[in-house]
Amino acid sequence: MKKKRQRMGILNIPRMLLLTMLMGASLQGSAAAYKITPAEPLFTLTHDFLQPSDVAVGMQGRIYVLDGVRHRVVVFNSEGVFLSSFGRLGSGKGQLRYPLGIAVDGSGTIYIADTGNRRIQVFSPDGDYKTDFAVATDLPSQKCDPVDVAFDEKHKQLYVVDNDNHQIVVYSADDYAFVGRWGSEGKLRSQFNHPFFAAIADDSSLLVTDVLNTRVQVWSPWGKSVGTIGDWGVDLGQLYRPKGVCSDRENRIYIADSYLGVIQTFNRYGHFKSVVGSRDGTVTKWQTPAGITIDDRQRLYVVEMLANRVSVYQLGDNDIEAESK
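Here the structure is a predicted model, which means the values were calculated and not measured.

Trainee: How would you explain the nonpolar core if you had to name every residue and give the values?
Mentor: Counting 30 residues, the largest nonpolar core has Leu45, Ile63, Val65, Ile168 and Leu206 as its most contacted members. Here this core gets three residues from one element, more than from any other, and that element is strand 14 (residues 195-200). Beyond its immediate stretch of four places on either side in the chain, Val65 contacts Leu45, Phe49, Pro52, Asp54, Val55, Arg72, Val73, Val74, Phe76 and Val310. Ala113, Val122, Phe133 and Cys144 belong to the second-largest nonpolar core, a separate cluster that totals 15 residues.

Below is the structure:
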């Protein structure tokens with residue numbers, strides 16, 4: 001139960017109070033301008049999900065939804081039509097046990113953080129099992145806790161987020177050989193407190209949500225901590241329980257706050273840019289947003305874990321001005 005609370009970020013603080021603070025009550029009643037990144041709803045994915053956690057987009061726009069409580073991946077076409085599913089409960093080849101994170105590379109190969117089985121599994125674009133490997137730990141007695149995986153196309157590296165051990169474990173994408181591990185437990189710039197989701201920015205930086213340190217860490221492909229995004233709070237530009245992270249073609253960073261239910265954007269250097277919302281200036285609020293991703297058509301995919309759905313949006317090209325009252 002303790003680990004579940006850490007991962008979900010659920011605290012006994014009224015959600016609407018926090019949302020009100022985020023949207024302007026903490027500005028001492030004065031009007032303050034901020035920007036909205038408009039997102040037009042396109043369609044919603046549902047398929048008897050039970051607390052889905054992550055989403056990835058592959059070749060021909062195929063959408064892969066990780067429905068981990070049901071130990072499977074559900075596949076849709078680019079317009080949201082159900083195609084197939086793969087995976088079932090177990091520890092054998094191609095079987096899954098409460099997986100949490102998923103990534104797809106440029107060739108369509110699928111990587112799954114098979115959390116309950118403490119391994120990474122690799123599948124073809126059609127969901128056929130290819131291989132798997134255990135996640136390395138510092139000590140033989142230490143158990144790994146892989147919760148997400150990210151693929152660096154340019155540097156041919158695979159990054160695995162080990163939540164319990166507060167580190168990133170790096171592998172070669174060619175043969176899945178162990179390369180090294182980054183980070184340790186703590187609050188310093190290169191330390192983590194239960195990292196969760198990871199993504200590759202357009203400049204090949206690794207983005208990692210450092211959940212209980214309430215920030216996103218930015219790492220170079222060579223293992224150097226080069227910056228952080230966000231700090232604790234409920235005001236614009238602050239984070240309360242960051243969970244999903246991704247970037248768009250302009251290298252803008254999107255961060256989903258699972259407890260506040262909003263998605264904020266920042267530049268690569270951590271400067272707040274906007275809140276995702278509608279063209280009328282309303283901030284969009286999601287129900288426990290978890291994994292998020294943006295495809296090459298600037299479509300935003302948001303896993304709403306407790307709503308058991310994935311919402312899909314078309315992002316606008318230009319931000320609009322809004323005003324908190």
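Trainee: Describe the pattern of salt bridges, with residues and values.
Mentor: Scanning the entire structure with this criterion turns up 13 salt bridges. Between Arg70 and Asp48 there is a salt bridge; the shortest N-O distance is 3.4 Å. Of this pair, Arg70 sits in the loop between strand 3 (63-67) and strand 4 (72-76) while Asp48 sits in the loop between strand 1 (32-45) and strand 2 (54-57), placing them 22 residues apart in sequence. What makes Arg70 partly exposed here is its relative accessible area of 34%. On the basis of relative accessibility, which here comes to 58%, the residue Asp48 falls in the exposed class. Residue Arg119 is joined to Asp114 by a salt bridge in which the shortest nitrogen-to-oxygen separation is 2.8 Å. On the basis of relative accessibility, which here comes to 9%, the residue Arg119 falls in the buried class.

Trainee: Tell me about a nonpolar patch on the surface, and please be specific about residues and values.
Mentor: Taken together, the side chains of Leu50, Val69 and Tyr98 present a nonpolar region at the surface, about 240 Å² in accessible area. Within the element layout of this structure, Tyr98 appears in the loop between strand 5 (82-86) and strand 6 (101-104).

Trainee: Now, about the packing of aromatic side chains: what can you tell me, with residues and values included?
Mentor: All told, the structure shown has 17 aromatic pairs when counted by the stated rule. Between Phe123 and Tyr129, the aromatic rings sit 6.3 Å apart at their centres with planes inclined by 80 degrees, giving edge-to-face as the arrangement. Its relative accessible area of 1% is what places Phe123 among the buried residues. Considering the side-chain rings of Phe266 and Phe272, the 6.0 Å spacing of their centres and the 75 degrees angle between planes classify their relative orientation as edge-to-face. Phe272 sits in the partly exposed class, given a relative accessible area of 27%. Taken together, the ring pairs connect Tyr111, Phe133, Phe151, Tyr171, Tyr176 and Phe178 into an aromatic cluster. In this structure, Arg241 packs its charged tip against the face of Tyr240, placed 5.6 Å from the ring centre. The ring of Tyr269 carries Arg268 above its face, with NZ or CZ at 5.5 Å from the centroid.

Trainee: Residue-level account of unusual backbone geometry, with values.
Mentor: If you check the backbone angles, Asp48 has positive phi at about 55 degrees while not being a glycine. Phi at Thr214 takes a positive value of approximately 50 degrees, unusual for a residue other than glycine. Checked against the element boundaries, Thr214 lands in the loop between strand 15 (206-210) and strand 16 (215-219). Under the relative-accessibility criterion, Thr214 is labelled buried at 5%.

Trainee: Give me the lowdown on the confidence of the model for the chain, citing residues and values where you can.
Mentor: Summarising the model, the chain shows a mean pLDDT of 91, and 89% of its residues fall at 70 or more. Across residues 1-31, confidence stays below pLDDT 50; counting only partners more than four residues off in sequence or on other chains, it has 59 contacts.

Trainee: For the environment of Arg309, give the residues involved together with the corresponding values.
Mentor: Residue position: Arg309 is located in strand 24 (residues 309-315). With relative accessibility at 31%, the residue Arg309 sits in the partly exposed group. As for Arg309 and Ser53, which are separated by 256 residues in sequence, their C-alpha atoms are 9.7 Å apart. Not counting residues within four places of it along the chain, the set of residues in contact with Arg309 comprises Thr44, Leu45, Thr46, Phe49, Pro52, Val302, Val303 and Glu304.

Trainee: I'd like a rundown of the pairing of strand 14, residues and numbers included.
Mentor: With five of six residues buried, strand 14 lies mostly within the body of the structure. Sheet topology note: the strand 14/strand 15 ladder contains four bridges and is antiparallel. Residue pairing for strand 15: Ala198 is matched across the bridge by Val208. Counting the residues that bridge the hairpin from strand 14 to strand 15 gives five residues, and of these Ser204 lies at a positive phi of roughly 75 degrees.

What counts, and at which threshold
- Residues numbered from 1 in each chain as written.
- Predicted model: local features only at pLDDT ≥ 70, side-chain atom pairs only at ≥ 80, totals over all residues.
- Heavy atoms only, no water.
- Core = buried A, V, L, I, M, F, W, Y, C linked by side-chain atoms within 4.5 Å.
- Buried < 20%, exposed > 50% of the residue type's maximum accessible area, 1.4 Å probe, protein only.
- Helix = DSSP H or I, 4+ residues; strand = E, 2+ residues; numbered from the N terminus.
- Contact = heavy atoms within 4.5 Å.
- Salt bridge = Lys/Arg side-chain N within 4 Å of Asp/Glu carboxyl O.
- Patch = residues over 30% accessible without salt bridge, like charges linked within 9 Å, V, L, I, M, F, W, Y side chains within 5 Å.
- Areas by Shrake-Rupley, 256 points an atom, 1.4 Å probe, with all protein chains shown as cover.
- Phe/Tyr/Trp six-rings, centres within 6.5 Å; stacked < 30°, edge-to-face > 60°.
- Lys NZ or Arg CZ within 6 Å of the ring centre and 35° of its normal.
- pLDDT = per-residue confidence, 0-100.
- Pairing = 2+ DSSP bridges.

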